[in-house]
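Read off the chains here:
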Amino acid sequence: MRQTGLGRCRRDGVPLSVELASSWRPWIEECIEAFGTTSRCMFESNFPADRTGHDYVSGWNAFKRLVMNASPSEKADLFWRSACEFYGCGPWCSSTWPFWGRSFPR
């Protein structure tokens, strides 16, 4: 039974974010196109369950690759704002969230 990976074929080693982005692109782009970014879509991590298909950093970098051409506002919606609104995170949720501006090597 397939547990994670959105159709990624198994191979030796951990996939790079570029491989994950390529594999996930059809599903993610269709969802964003269907629902838009404002309050209806958000990126999330399914760790630790997803560790069978990729590492944590590569997964988040794949999300960044998928929306590299999106506007800053659309990126904010996908990476933090929609989740803050949905979960009612209150005043401690903002664009200064530490993960938002970081770039990782994978």
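Here the structure is a predicted model, which means the values were calculated and not measured. (Residues numbered from 1 in each chain as written. Predicted model: local features only at pLDDT ≥ 70, side-chain atom pairs only at ≥ 80, totals over all residues. Heavy atoms only, no water.)

**Q** Help me understand the environment of Gly-36, please; the structure alone is not making it clear to me.
**A** Tracing the backbone through its elements, the reader meets Gly-36 in the loop between α1 (17-35) and α2 (56-66). Gly-36 sits in the partly exposed class, given a relative accessible area of 25%. For Gly-36, the residues in contact, after removing those within four places along its chain, are Cys-31 and Cys-41. (Helix = DSSP H or I, 4+ residues; strand = E, 2+ residues; numbered from the N terminus. Buried < 20%, exposed > 50% of the residue type's maximum accessible area, 1.4 Å probe, protein only. Contact = heavy atoms within 4.5 Å.)

**Q** Can you help me understand the environment of Leu-20 in this one?
**A** Checked against the element boundaries, Leu-20 lands in helix α1. In sequence terms Leu-20 and Trp-60 are 40 residues apart; their C-alpha atoms lie 9.8 Å from each other.

**Q** Help me out: how do you make sense of the pattern of salt bridges in this one?
**A** In a structure, side chains of opposite charge can pair up when their charged atoms sit close to one another. As enumerated under the stated definition, the model contains two salt bridges in all. A salt bridge links Arg-25 to Glu-29; the shortest N-O distance between them is 2.9 Å. Residue Arg-25 and its partner Glu-29 are located together in helix α1, separated by four residues, close to a single helical turn. Accessibility expressed as a relative area gives 39% for Glu-29, which makes it partly exposed. Arg-81 is the salt-bridge partner of Asp-77, the closest N and O atoms lying 2.7 Å from each other. Placement of the pair is Asp-77 and Arg-81 together in helix α3 (residues 72-87), with a separation of four residues, close to one helical turn. (Salt bridge = Lys/Arg side-chain N within 4 Å of Asp/Glu carboxyl O.)

Note that every value here comes from positions in space, so none of it alone points to a role or purpose.
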